[in-house]
Amino acid sequence: MAVSTPSFGASSTALAPRSYSEISDSEGGPTDLRSAEEVIDDPLEWPAFGRALEGAQTGLWESQCVVEGMHCAACAQTVETALGRVPGIVSVSVSAVARRARVLWDPSRVQPSRWMAAAIPAGYTLLPANDATLRDRRRSQSRKMLWRWLVAGFCMMQVMMYAVPPYITRPGEISVDTLNLLHWAGWVLALPVIIFSCGPFFAGAWRSARQRRISMDLPVALGIAITFIVSSAATFNPAGLLGHEVYFDSLTMFVFFLLTGRWLEERLRDKTAGALEALMNRLPEGIVRLDADGRWRRVSLRRLAVGDRIRVLPGETFPADGRIVAGGTQVDESLLTGESRPVERLCGAPVLAGSRNLSGSIEVEIGQLGGDTRYGQLVALMDRAATQKPRWAQVVDRIAQPFLIVVLLAAVVAAAFWWRADPGHAMMIAVSVLIVTCPCALSLATPAAMLAAAGALARSGVMVTGLQALDAARGIDTVVFDKTGTLTRETPRLIQAHYAQRIDSARALALAAALAAHSHHPIARALVQARGMANGTAPAADFQLTGISEDAGGGLGGTWCASGQAPIPIRLGSAAFCNVSSLDCDGPQAHLSDATGWLASFSFAEDLRDDAVAAIAQLKADGKRVHLLSGDQEEAAARIGQKAGVDEARGGCLPETKLADVVRIQQSGRHVAMVGDGLNDGPVLAQSDVSFAFGAAVPLAQARADFVVVRDTLEAIPQTLKLAQRASRVVHQNLVWALLYNAACIPAAIVGALPPWLAGTGMAVSSLVVVLNAVRLAQPLPWSDSLSGTTSASLRP
């Protein structure tokens, strides 16, 4: 049996339906006999579905969970309320479309098993986002939904056979006994629909009633129950108060149409929120590991540790960052680095978690796991985006409950108005009002479109850190670029170095490179490359560096000491930061100085990115002004700006200068998008209306931006802004459609012009129209066409 992570499902009384987690291996290895509560409360398990927060929120944990049993915005509110009442829960955000919850909690006050169990009385199950059984559970639920739909469809066809004769014959042509027999046949055939097919509607309504809340299932369940009661009364007592008319045909028809709509909605939802799900569930459930006894065994990923040796077969996804120690292969790294073509990886080469082994069987030594990997950081960004609620979605959530109350009152008023004329007919008018006004389309209008757009961007190499950013990006009319590593190639080239006579050139370059290894700035990476260091490894030298700190926009400082010497303060960075004179050259430069004065200066050459001119031309064609703000000299900034075709270029900008320029542009009434490296441009990225962190070298955990561009292409900027505008149009279209639908159908239902079966059809169609409109946004973006042969295939669950 393949190893799997324990299933943290829920029953009515405990966190898990089985008492012990099933963790074993195919070779008869050890089995973990802890209960599900003990497993989920083990701090070693928490990183698998969350992360510890830092800074002002140090000590808190942010966890991601999948919520089962949700169907609407009211369900999301119910889960948020249930969890929010637990002491130790700081905040909860639940997305009804993504069906995911983001929980911020204090481990000193509450354990995960406690707050997960808090959702059970409300009728919902919380599972860790990494639960290995999620896919099987979802497949099982999909099969059950399909069976409910098939039963409703079969019974509907049979009921229609018995309902047609009274419609096509004249009065008296069918005897009373035969008519009663037809009614009884309809009643018997409606029973499976009520008992089995309508289960989700009644269960949802019962959950909300127990919580004293109104969900979108409640009006539907009431409508179904009333129709069945009225029709049963007419079957058992045709001369009674509710008359002799039966509506089993209408009942089975609108249940069938409702289930059709919900099933199609689920399939379409997989194309919207499912795009993010596919990216977030890329890792395998288990992997083959070399154990201490020299045997290879398949184990769950949570058992892996740094230093373990694993075997990755062709077609498998790497579960961790590491180094190949045996064999060679080709790897698909398109999700992580944007490289669309397979990359050759030989013995000794690094491999990344989330990338896919395409050809050879290899052995890998694990270097990093979980949230420390680039894939883990990507997943954290997408999780955050999936559970955030855009502005319009928050508005709809607030009005959902009052709207449903109005729906119930409208049904009561309609029934009372028609009661004197015909009590049975009055009840059916109330049913039509209850069903046709369910605000499913309204609640899906915004999140479906935003998640579809976020999924399309994620598959194309742009990670959205918050859905609000898509809403804000639609109004951008000015784009501000940083220069080095953004408009220019990621790493400049060192072309010239000048050294003071009092220091050996090799010593000076080694000092500069050792300092630069502590920064992600493109100039720092260029110095590291020039020294011949790999990924910031400290050079072999007879000195030590201590107390290193980085000044944003200035440079790096610290102290160095050689053997037998006292520590000496040292700086690497701009001329102003190092208190030295600038070089008379056109291009970026860096300087090295100590307490005595100047030690060395380095000048670099920058090449404009191949797609920079086309991307800026596209932005200008879309009516946007383009600015360039750089910390380099005015001449260098002007030269690059002229080549790229920007409207305005400024050099010599410190972080505070960039911030002031962005504020000035915003005060003139324009909306600004800032494109930088996500690290040194922190203040200006925070000030801008929308921000992009650009470049594969950006540490995702530190990137303070609304969008993180993983692919190495500037074309992502104009295309993302275009998609944001399209998403905004789709949201407005969905909202207008949902409002017009309710405005037209509610009066029609109240005056009796809308039979129940047509009301059910209208409700299902309204939700499908909204989701189908959102699915248009889920298509891959133009610059990702080259990934169609690799990425799209690798994203299949």
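Within each chain, residue numbers correspond to sequence positions counted from 1 in written order. Two thresholds apply to this predicted model, a pLDDT of at least 70 for residue-level local features and 80 or more for giving and counting side-chain atom pairs, whereas whole-chain, interface and lining totals are computed over all residues. As a convention, hydrogens and water are excluded, and side-chain values are obtained from all of the structure's heavy atoms.

Trainee: For the overall build of the protein chain, give the residues involved together with the corresponding values.
Mentor: Helix and strand labels come from DSSP, where a helix needs a run of H or I of at least four residues and a strand needs a run of E of at least two; each type is numbered from the N terminus. Counting its regular elements, the protein chain contains 25 helices and 27 strands. Think of it in three bands: with a 1.4 Å probe and only protein chains considered, a residue is buried below 20% of the maximum accessible area for its type, exposed above 50%, and partly exposed in between. Within the protein chain, the proportion of its 797 residues that are buried is 56%.

Trainee: Quick one: what's the story with the nonpolar core, residue by residue and with numbers?
Mentor: Among buried residues, the Ala, Val, Leu, Ile, Met, Phe, Trp, Tyr and Cys ones that are joined through side-chain atoms within 4.5 Å form a nonpolar core. Core analysis: the biggest nonpolar cluster contains 53 residues, and Ile224, Phe248, Leu251, Phe254 and Val255 have the highest contact counts within it. Contacts are assigned to residue pairs that have any heavy atoms within 4.5 Å of one another. Sequence-distant contacts of Val255, defined by excluding residues within four places in its chain, comprise Ala152, Val193, Ser197, Cys198 and Ile224.

Trainee: Outline the confidence of the model for the protein chain, supporting the account with residue identities and numerical values.
Mentor: Residue-level confidence of the predictor is what pLDDT reports, using numbers from 0 through 100. Looking at the protein chain, the pLDDT average stands at 78 and 81% of residues meet or exceed 70. Ignoring residues within four places in sequence, the model shows residues 785–797, a span with pLDDT below 50, making 22 contacts including any to other chains.

Trainee: Go over the packing of aromatic side chains with me, naming the residues and quoting the values.
Mentor: Only Phe, Tyr and Trp rings are paired, with Trp represented by its six-membered ring, and only when their centres lie within 6.5 Å; those with planes under 30 degrees apart are stacked, over 60 edge-to-face, the remainder tilted. The final tally for this structure, using the stated rule, is 13 aromatic pairs. Ring centres of Trp187 and Phe228 lie 6.5 Å apart, and the angle between their planes is 20°; this geometry places the pair in the stacked category. Residue Trp187 is located in helix α5 (residues 176–197), and its partner Phe228 is located in helix α7 (residues 217–236); the two are separated by 41 residues in the primary sequence. The two residues Trp187 and Phe228 agree in class, both being buried. Every member of this aromatic cluster is reached through a ring pair, and the members are Trp184, Trp187, Phe228, Phe236 and Phe248. The aromatic ring of Phe577 is capped on one face by Arg571, whose charged end is 4.3 Å from the ring centroid. The criterion for a charge sitting over a ring is simple: Lys NZ or Arg CZ within 6 Å of the ring centre, and within 35 degrees of the ring normal.

Trainee: Help me get a handle on the pattern of salt bridges, residues and values and all.
Mentor: Any carboxyl oxygen of Asp or Glu that lies within 4 Å of a side-chain nitrogen of Lys or Arg is treated as forming a salt bridge with it. Overall, the coordinates contain 17 salt bridges when judged by the stated rule. Between Asp661 and Arg650 there is a salt bridge, with the nearest N and O atoms lying 2.6 Å from each other. On the criterion of sequence distance, the pair formed by Asp661 in helix α21 (residues 655–667) and Arg650 in strand β24 (residues 648–650) is long-range, its members being 11 residues apart. Look at Asp661 and you get buried, because its relative accessible area is 5%. Residue Arg650 is classed as partly exposed on the basis of its relative accessible area, which comes to 26%. Here the residues in one salt-bridge network are Arg289, Asp291, Asp293, Arg297 and Asp308, joined through shared partners.

Trainee: How would you sum up the sheet that holds strand β20 (residues 568–573)? Please name residues and give values.
Mentor: Taken in spatial order, the 6 strands line up as β17-β22-β21-β20-β19-β18 in an open sheet, and their pairing is antiparallel. Sheet topology places β17 (493–499) and β18 (543–551) at the edges, where each strand pairs with a single neighbour. When strand polarity is set aside, the average angle formed by the axes of neighbouring strands in this sheet is 20°. Of the pairings in the sheet, the one linking strand β19 (residues 555–562) to β20 comprises 6 bridges and is antiparallel in character. Criterion used throughout: strands pair if DSSP finds at least two bridges between them. Here, axes are lines fitted to C-alpha atoms. For helices the fit covers the stretch in contact, and angles between N-to-C directions go from 0 to 180 degrees.

Trainee: Just give me the short version of α7, but keep the residues and values in it.
Mentor: Multiply 1.5 Å by the residue count of a helix minus one, and that product is the helix's expected span. Relative to the 28 Å expected for 20 residues at 1.5 Å per residue, α7 spans 28 Å between its end C-alpha atoms, a close match to the ideal helical length. By the criterion of burial, α7 is predominantly enclosed, with 15 of the 20 residues buried.

Trainee: How would you sum up the packing of helix α23 (residues 716–750) against helix α24 (residues 756–775)? Please name residues and give values.
Mentor: Where α23 meets α24, the axes come as close as 9 Å, and the angle between the chain directions of the two elements is 170°. The orientation of α23 relative to α24 falls into the category roughly antiparallel. Residues Val730, Gln733, Asn734, Trp737 and Tyr741 of α23 form the contact with α24, whose own contacting residues are Ala759, Gly762, Met763, Ser766, Val769, Val770, Asn773 and Ala774. Ten residue types, Ala, Val, Leu, Ile, Met, Phe, Trp, Tyr, Cys and Pro, are classed as nonpolar, four, Asp, Glu, Lys and Arg, as charged, and the remainder, Gly among them, as polar. A breakdown of the residues in the contact of α23 with α24 according to their chemical character gives 8 nonpolar, 5 polar and no charged. Orientation labels follow simple angle bins: below 35 degrees gives roughly parallel, above 145 gives roughly antiparallel, 65 to 115 gives roughly perpendicular, and whatever is left gives oblique.

Trainee: I'd love a proper account of a nonpolar patch on the surface, names of residues and values included.
Mentor: Each patch groups residues whose relative accessible area exceeds 30% and which form no salt bridge, using 9 Å between like charges and 5 Å between nonpolar side chains of Val, Leu, Ile, Met, Phe, Trp and Tyr. Here the accessible surface of atoms and residues is derived via Shrake-Rupley with a 1.4 Å probe, and residues count as covered only by protein chains that are part of the display. Taken together, the side chains of Leu146, Trp147, Leu150, Ile195 and Phe196 present a nonpolar region at the surface, about 500 Å² in accessible area. Elements with a contribution of two residues or more to the nonpolar patch: α4 (134–168) and α5. Among the elements that take part in the nonpolar patch, α4 stands out by supplying 3 residues, more than any other. On the secondary structure map, Ile195 appears in helix α5.

Trainee: Can you explain unusual backbone geometry? Please cite residues and give values.
Mentor: The phi angle at Asn579 is positive, at roughly 60°, despite the residue not being glycine. Looking at the element boundaries, Asn579 is found in the loop between α18 (575–578) and β21 (589–594).

Trainee: Can you tell me about the sheet that holds strand β10 (residues 329–332), naming the residues and giving the values?
Mentor: Spatially, 3 strands are ordered β11-β10-β13 in an open sheet, and the strand pairing comes out antiparallel. Each end of this open sheet is capped by a strand with a single partner; those strands are β11 (343–345) and β13 (356–357). Examined bridge by bridge, β10 and β11 share 3 bridges and lie antiparallel to one another. The residue of β11 that forms the bridge with Gln330 is Glu344.

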